[in-house]
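# Working through the structure, step by step
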Amino acid sequence: MKIALHEVTKRFGAFAALDNVDLDIHSGELLALLGPSGSGKTTLLRIIAGLDWPDQGEVRFDGEDALSRSVGERNVGFVFQNYALFRHMTVFENVAFGLRARPRRLRPSEAEIRARVKQLLELVQLGPLGKRLPAQLSGGQRQRIALARALAIEPRILLLDEPFGALDAKVRKELRRWLRQLHEEIHVTSVFVTHDQEEALELADRVVVLAKGRVQQIGTPAEVYEQPQSAFVHHFIGESLSVPVTIAAGGVHFAGRKLDLDPHGLSDGGASLFIRPYEVTVVPESGSDLLNGIVKRVHGFGPARRLEIALREGEREHFIEVSAPRQEAIGIGQHVGLRPRAYRLFASTADQAQGG
Amino acid sequence: MSDQPFALPGYPSRTGYPSRIRAFRTPSMVLRQVKPASDARADPTPMRWAIIGIAIAFLTIFVVVPLLNVFAQALSKGLDAYVAAIEHPDALAAIELTLIVAAISVGLNLVFGIVAAWAITKYDFAGKSLLITVVDLPFSVSPVIAGLVFVLLFGAQGYLGPWLQAHDIKIIFALPGIVLATVFVTFPFVARELIPLMREQGTQDEEAALSLGASGLRTFFKVTLPNVKWALLYGVLLCNARAMGEFGAVSVVSGHVRGETNTMPLHVEILYNEYQFMAAFAVASLLALLAMVTLVAKVMLEGRVAKE
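Quick look at the structure, then.

Cut-offs applied
- Residues numbered from 1 in each chain as written.
- Chains lettered and ligands numbered in written order.
- Predicted model: local features only at pLDDT ≥ 70, side-chain atom pairs only at ≥ 80, totals over all residues.
- Heavy atoms only, no water.
- Helix = DSSP H or I, 4+ residues; strand = E, 2+ residues; numbered from the N terminus.
- Buried < 20%, exposed > 50% of the residue type's maximum accessible area, 1.4 Å probe, protein only.
- Contact = heavy atoms within 4.5 Å.
- Areas by Shrake-Rupley, 256 points an atom, 1.4 Å probe, with all protein chains shown as cover.
- Lys, Arg positive; Asp, Glu negative; His and termini not counted.
- Charge placed at Lys NZ, Arg CZ, Asp CG, Glu CD.
- Pairing = 2+ DSSP bridges.
- Axes fitted to C-alpha atoms, helices over the stretch in contact; angles between N-to-C directions.
- Patch = residues over 30% accessible without salt bridge, like charges linked within 9 Å, V, L, I, M, F, W, Y side chains within 5 Å.
- Salt bridge = Lys/Arg side-chain N within 4 Å of Asp/Glu carboxyl O.
- Buried area = accessible area lost by both parts, 1.4 Å probe.
- Polar contact = N/O pair within 3.5 Å; in protein donor to acceptor, adjacent residues only side chain to side chain.
- Nonpolar A, V, L, I, M, F, W, Y, C, P; charged D, E, K, R; others polar.
- Right-handed = clockwise from strand over helix to strand, strands pointing away.
- Phe/Tyr/Trp six-rings, centres within 6.5 Å; stacked < 30°, edge-to-face > 60°.
- Lys NZ or Arg CZ within 6 Å of the ring centre and 35° of its normal.

### Regarding the overall build of chain A
Within chain A, the regular secondary structure consists of 10 helices and 20 strands. For chain A, the spread of C-alpha atoms along the principal axes amounts to about 80 × 45 × 30 Å. Per-residue burial for chain A yields a buried fraction of 50% across its 356 residues. A sequence separation of at least 24 residues applies to 65% of the contacts in chain A between residues at least 6 apart. When the accessible surface of chain A is split by element, carbon and sulfur atoms take 49% of a total near 16,500 Å². The positive charge centre, built from 45 side chains, and the negative charge centre, built from 44, are 7 Å apart in chain A.

Below is the structure:
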């Protein structure tokens, strides 16, 4: 099912949880809503589900207005962060709940319910656990039961709120892979919320990066990683190092010197230079058109060796961390020059000054 | 020595307290377990005995002996006299009235307790903190005042008195007044049991049920109610005990019409004032019995509530 959100705004008092959000969710895709806490991602998910209502804007399911329908009428499968399994019901009854709740004329027979629940429990690989209570399951098992329960109503869309948030690292990785496989099997349009960029990039077909209630960028994992469109996205996704620079006279300047970099058409003024730590060449001496600094610390060893370098700009020092060159013997206190092999420039904005 | 000196093998930890604290709930067990007197962390043995002794002596003198005395006095003239006292028409009428009043008030408080707890824990609205305070009000108001409030409202000289008289509606000195006073006094029991639990459980279970297509009623009966059933039962139990035992508020509104508006506690007082001590204690013994049944049920329920 296709979902379209248009100019969705939601305020809690003076705080805008969502600010004019436009979003198209394609049929059958697995979409990640990625952002730091307070970015509005969970609110957006709840609005799609019908658990929250926007102050303004439209939500359309396959073109129909969804806002005129309650959560129960939207036929969405919602998996809560803490699973919200019914603690007094067995696993079987939890999964059967949505089928038993149907109005009589739409309700399957008891035999059909049993068969369907059994099938779902097998789908989530928990076939033998039907008689257990939720309290007798591990976190990963509860997560999968919550998923089976949501799938039981044959939802038009599956919504997952921080699906792996409450699990330990190992289970999280396993479950992530498993969820990806499951999605390929059943192909139901799915949206999940996460603050973990690794999770979003690995699992999703497309990633929506949110910050402060606004959509920062929408794209495939490769696009948001390789072509970040704002300083925030560059900073938030993947490792970044940033240096404040000035654009003037068609050149990029740092500490009063012109660097061997192209301003990418940016107009004159303050800007941030963003580099991935592994996309910079370190040479063992200063250069007139390089970023020059002093090695302050060396971390790790072998291929994982990293340098902490202080870049001096007048009285101020900017600390950045880069991968160390393999061959060169570079020690603490050495003057080095940095030449970015790939970089991006973003004009300074008030937003960025705050968010870093 | 392990860091849990009183750990009892095979003794399940229900409360999650460290076993040291748990063991203190059964004094004899503590004494048996603490053989190594050399443990510097433990109080000296004589001190232990003294503290436990004082606690037991206090409870014996002030609670156990008076309670036993009720039964001793009740049976002082033999079982036949005891049965006769209870089978007296006035006594039977008092028992009947008490049961009716308790049934109505507990029923009302069950419904309103759930409604109040639901409103407080599942919704946000202006005046919510005021409502929470008002729920507790009956605990801090003297029952006599509770009764008096209704007399001032509905009594012959009260604000609504003339109107009620004109329409031949009797509230004060009749069943409705007794029920009103009892409901007022016992209101907090159900709501107070439910509010903390429902607040802790939040609204996610309800949201999950609704998202699965369940109606509001189905969600309430299949999800909300089962989630709080033990706490609810516990609240009802306490509410019932208080409803049957309430004296002050009921005394003000009842009018003490023998055989008509006397509840058991009022009947006990009347008999006592008429020097019918044995009969007074006989009826009182029924209330004491109720208290003990309540206590046993309470202990059993507390474990369930803790599990929730």
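### A short note on the sheet that holds strand 9 (residues 206-211) of chain A
Residues and elements named next belong to chain A. Taken in spatial order, the six strands make up an open sheet running 6-7-8-3-9-10, and their pairing is mixed. Looking at strand neighbours, the two that pair on one side only are strand 6 (76-79) and strand 10 (214-219), the edges of this open sheet. Across the sheet, the axes of successive neighbouring strands diverge by a mean angle of 15 degrees, strand direction being ignored.

### Some thoughts on a nonpolar patch on the surface
All names here are of chain B. Among the surface-exposed residues, Phe 58, Leu 59, Ile 61, Phe 62, Val 63, Val 64 and Leu 68 lie close enough to one another that they form a single nonpolar patch of about 720 Å² accessible area. Following the sequence through the fold, Ile 61 ends up in helix 3 (residues 45-74). Accessibility expressed as a relative area gives 54% for Ile 61, which makes it exposed.

### A look at the interface of chain B and chain A
Taken together, the 16 residues of chain B in the interface contact 21 residues of chain A. Buried area between chain B and chain A, summed over both chains or domains, comes out near 1,700 Å², and the portion from carbon and sulfur atoms is 58%. One salt bridge in this structure joins Glu207(B) and Arg46(A), with 2.6 Å as the shortest N-O distance. Counting every contact that joins chain B to chain A gives six residue pairs in polar contact (both at pLDDT 80 or more). Secondary-structure elements contributing two or more residues to the side of chain B that touches chain A are helix 10 (204-211) and helix 11 (216-245) of chain B. Top element by residues in the side of chain B that touches chain A is helix 10 of chain B. It accounts for seven residues. Here the residues of the side of chain B that touches chain A are counted per class, giving seven nonpolar, five polar and four charged.

### Topic: helix 3 (residues 91-100) of chain A
Among the 10 residues in helix 3 of chain A, nine count as buried, and that is most of the element. Residues of helix 3 of chain A that are buried include every one of Val91(A), Phe92(A), Asn94(A), Val95(A), Ala96(A), Phe97(A), Gly98(A), Leu99(A) and Arg100(A), and no others. Of the surrounding elements, those touching the buried residues of helix 3 of chain A are helix 4 (110-123) and helix 5 (139-152) of chain A together with helix 10 and helix 11 of chain B.

### Side note on the pairing of strand 8 (residues 189-194) of chain A
Residues and elements named next belong to chain A. Counting buried positions over the six residues of strand 8 gives six, a clear majority of the element. Alternating residues of strand 8 divide into Thr 189, Val 191 and Val 193 and Ser 190, Phe 192 and Thr 194, and every residue in both groups is buried. Across five bridges, strand 3 (residues 30-34) lies against strand 8 in parallel orientation. The residue bridging Leu 30 from the neighbouring strand is Ser 190, located in strand 8. Alignment of strand 7 (residues 157-161) against strand 8, held across five bridges, turns out to be parallel. Bridge pairing links Ile 157 to Thr 189 in strand 8. Tracing the backbone out of strand 7, into helix 6 (residues 169-186) and back to the parallel element strand 8 gives a crossover that is right-handed.

### Digging into helix 1 (residues 41-49) of chain A
Residues and elements named next belong to chain A. The buried fraction of helix 1 amounts to eight of the nine residues, a majority that puts the element mostly inside the structure. Among the residues of helix 1, Lys 41, Thr 43, Leu 44, Leu 45, Arg 46, Ile 47, Ile 48 and Ala 49 are the ones counted as buried. Directly after helix 1, the chain includes Gly 50, whose backbone phi takes a positive value near 95 degrees.

### So, the sheet that holds strand 14 (residues 269-275) of chain A
Residue and element names in this part refer to chain A. What the five strands build is an open sheet, ordered 13-12-11-14-20; its pairing is antiparallel. Here the strands that pair on one side only, and so sit at the sheet edges, are strand 13 (257-258) and strand 20 (344-347). The pairing of strand 12 (residues 251-254) with strand 13 spans two bridges and is classified as antiparallel. Paired with Phe 254 across the bridge in strand 13 is Arg 257.

### A word on the packing of aromatic side chains
Taken as a whole, this structure holds 12 aromatic pairs over all chains when the rule is applied. Relative to Phe80(A), the ring of Phe78(A) has its centre 4.6 Å away and its plane inclined at 45 degrees; by these criteria the two rings are tilted. Both residues of the pair, Phe78(A) and Phe80(A), belong to the buried class. Here the aromatic rings of Phe150(B) and Phe154(B) are separated by 6.3 Å at their centres, their planes lie at 5 degrees, and the arrangement is stacked. One end of the pair is Phe150(B) and the other is Phe154(B), both in helix 7 (residues 143-154) and four residues apart, which spans about a single turn. When sorted by exposure, Phe150(B) lands in the same class as Phe154(B), which is buried. An aromatic cluster of three or more residues is present, and its members are Trp118(B), Phe220(B) and Phe221(B). The side chain of Arg74(A) reaches across the aromatic face of Trp53(A), ending 5.1 Å from its centre.

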